[in-house]
Amino acid sequence: MAGKVKWVTDIEKSVLINNFEKRGWVQVTENEDWNFYWMSVQTIRNVFSVETGYRLSDDQIVNHFPNHYELTRKDLMVKNIKRYRKELEKEGSPLAEKDENGKYLYLDFVPVTYMLPADYNLFVEEFRKSPSSTWIMKPCGKAQGKGIFLINKLSQIKKWSRDSKTSSFVTQSTKEAYVISLYINNPLLIGGRKFDLRLYVLVSTYRPLRCYMYKLGFCRFCTVKYTPSTSELDNMFVHLTNVAIQKHGEDYNHIHGGKWTVSNLRLYLESTRGKEVTGKLFDEIHWIIVQSLKAVAPVMNNDKHCFECYGYDIIIDDKLKPWLIEVNASPSLTSSTANDRILKYNLINDTLNIAVPNGEIPDCKWNKSPPKEVLGNYEILYDEELAQGDGADRELRNRQGQALGPKGGRSRDSGRTVLTTWK
């Protein structure tokens, strides 16, 4: 196609701009004709809003789905996953199987969570079943560890209870909505420190679902050794892995930024826990990511002008069980170290190679199925069309995979990896 891609961004980050310039793309303003707009989540609201929005043409693409918040807002993610479990249960799917205590065998990958103030009474009931447990409070619409605190007494969240005078809930408009989740107080520790995983997942389309996992994720470590002691509940350097918090700690290391590559983590676990259990752990991590995307796919506005690169946050407990903590719509593109800058530059480069084929003016009607050669450090995580196009043995294979849950195997289809466990 003739002509150069015209780009706009409202996120002034060198890892973005260097990638656009390297392709010879031309910078324009948002009021001019543009083909590619890498925008903040605030701007996407305006682009698709009924009042201020405008119709995108076939040669325009943006980096968020209109209602990405169904996955990336903490309360909505949990609501959608709960709905998804119930639907699978209704269908009689083996994926929704429960143990004798009523716990999901395969779908128990999000910590027990309630919305406050709406679910306050339900939360109190659960809290009283195990009053010695610790819970973590997070504002629904904030990131980078802002507004998070830990509690182990009901008195600490009395202001989210019923208004004592009127005996009715104080309206949510006067009180910020929070989620409260059971705190994972037995995290896997390395060097005595808690860490989480930041994994990048690219979704090119939700219907059919097609998603890619970036191989170069990383672990983020706390700067202070972990203790479950209640005396340290207020010490966020012990409990929160967010770099935005940890970089203010006395022991923060500006050279490695408290980060470790996922491949280093894998090598460490293979040498300390064994290859088989490590392989199973990573299969389960991939599995819960796909399940979370399947949970939101029915409610996601699958606009053909959109793609999205999500930042998944996963915590592994000391039994090597992975937990989905949250999903970020705008994972940080700020670089805290030299390695970080290289990683994020390559992440954007590989994302653009998939989202904007050949760096040419986009046509959003294309089938969004790029050849394997352009994937770079991405690998296909799930392709719904391939998973469903297996002919006569499809139903049997699906059933076997479902019954296996996240322990299933892999099969090769058309040269791409598709995990057979996924319905």
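The paragraphs below set out a description of the structure included in this document. Treat the numbers as computed from the prediction; the structure is a model and nothing was measured.

1. Focus on helix 4 (residues 74-91)
Here is step 1: Between its first and last C-alpha, helix 4 extends 26 Å over 18 residues, near the 26 Å set by a 1.5 Å rise per residue.
Here is step 2: All of the buried residues along helix 4 are Lys74, Asp75, Leu76, Met77, Val78, Asn80, Ile81, Tyr84, Arg85 and Leu88.
Here is step 3: The inward-facing, buried residues of helix 4 abut helix 3 (69-72), strand 5 (113-116), strand 6 (135-139), strand 8 (178-182), helix 9 (275-296) and strand 15 (322-328).
Here is step 4: Directly after helix 4, the chain includes glycine 92, whose backbone phi takes a positive value near 75°.

2. Section: unusual backbone geometry
Here is step 1: Of note, the bond from leucine 116 into proline 117 is cis; its omega dihedral lies within 30 degrees of zero at 10°.
Here is step 2: Of note, proline 117 is situated in the loop between strand 5 and helix 5 (120-129).
Here is step 3: Arginine 207 connects to proline 208 through a cis peptide bond whose omega is 0°.
Here is step 4: Assignment of secondary structure puts proline 208 in the loop between strand 10 (193-206) and strand 11 (209-214).
Here is step 5: One non-glycine residue with positive phi stands out, namely leucine 320, at about 60°.
Here is step 6: Structurally, leucine 320 can be placed in the loop between strand 14 (308-316) and strand 15.
Here is step 7: A positive phi angle, near 60°, is found at asparagine 358, a position not held by glycine.
Here is step 8: If you trace the backbone, asparagine 358 turns up in the loop between helix 10 (338-355) and strand 16 (378-383).

3. Concerning the pattern of salt bridges
Here is step 1: One pass over the structure, following the stated rule, counts 16 salt bridges.
Here is step 2: For glutamate 89, the salt bridge goes to lysine 98, with nearest N and O atoms at 3.3 Å.
Here is step 3: Its relative accessible area of 37% is what places lysine 98 among the partly exposed residues.
Here is step 4: Through salt bridges with shared partners, a single ionic network connects Asp196, Arg198, Arg220 and Asp313.

4. Observations regarding the nonpolar core
Here is step 1: Residues Leu71, Tyr206, Leu293, Tyr310, Tyr312 and Leu324 are the most contacted members of the largest nonpolar core, which totals 66 residues.
Here is step 2: If sequence neighbours within four positions are ignored, leucine 324 has contacts with Met77, Ile81, Phe109, Val110, Pro111, Ile288, Ser292, Tyr312, Asp313 and Ile314.
Here is step 3: Ranked by size, the runner-up nonpolar core spans 31 residues in total, among them Phe20, Cys309, Leu333 and Ala355.

5. With respect to the packing of aromatic side chains
Here is step 1: Considering all chains together, one arrives at 21 aromatic pairs under this definition.
Here is step 2: Considering the side-chain rings of tryptophan 7 and phenylalanine 20, the 4.7 Å spacing of their centres and the 45° angle between planes classify their relative orientation as tilted. With tryptophan 7 in strand 1 (residues 6-9) and phenylalanine 20 in helix 1 (residues 14-22), this pair connects stretches of sequence that are 13 residues apart. Across the pair, exposure class does not vary: tryptophan 7 and phenylalanine 20 are buried alike.
Here is step 3: An aromatic cluster is present here, built from Trp7, Phe20, Trp25, Phe36, Trp38 and Phe307 joined pairwise through their rings.
Here is step 4: Against the face of tryptophan 25 rests arginine 23, its NZ or CZ located 5.9 Å from the ring centre.
Here is step 5: Between the NZ or CZ atom of lysine 321 and the centre of the ring of tryptophan 323, over which it lies, the distance is 4.6 Å.

Reading the values: rules and limits
- Here the residue numbers are simple positions, counted from 1 along each chain's written sequence.
- Side-chain atom pairs in this predicted model are given and counted only at pLDDT of 80 or more, local residue features only at pLDDT of at least 70, and totals for whole chains, interfaces and linings cover all residues.
- Values shown for side chains rest on all heavy atoms present in the structure; no hydrogens or waters enter the calculation.
- Helix and strand assignments follow DSSP, with helices taken as H or I runs no shorter than four residues and strands as E runs no shorter than two, numbered in order from the N terminus.
- Multiplying one less than the number of residues by 1.5 Å gives the expected span of a helix.
- Only protein chains enter the accessibility calculation, which uses a 1.4 Å probe; a residue is then buried when its area is under 20% of its type maximum, exposed when over 50%, and partly exposed in between.
- Throughout, a contact is declared for two residues whenever any of their heavy atoms are within 4.5 Å.
- Salt bridges are counted wherever a side-chain nitrogen of Lys or Arg sits within 4 Å of a carboxyl oxygen of Asp or Glu.
- The term nonpolar core refers to a set of buried residues drawn from Ala, Val, Leu, Ile, Met, Phe, Trp, Tyr and Cys, joined through side-chain atoms within 4.5 Å.
- For Phe, Tyr and Trp, where Trp contributes only its six-membered ring, two rings pair if their centres lie within 6.5 Å, and the inter-plane angle classes them as stacked under 30 degrees, edge-to-face over 60, or tilted in between.
- Two conditions define a charge sitting above a ring: the NZ of Lys or the CZ of Arg must be within 6 Å of the ring centre, and it must be within 35 degrees of the ring normal.

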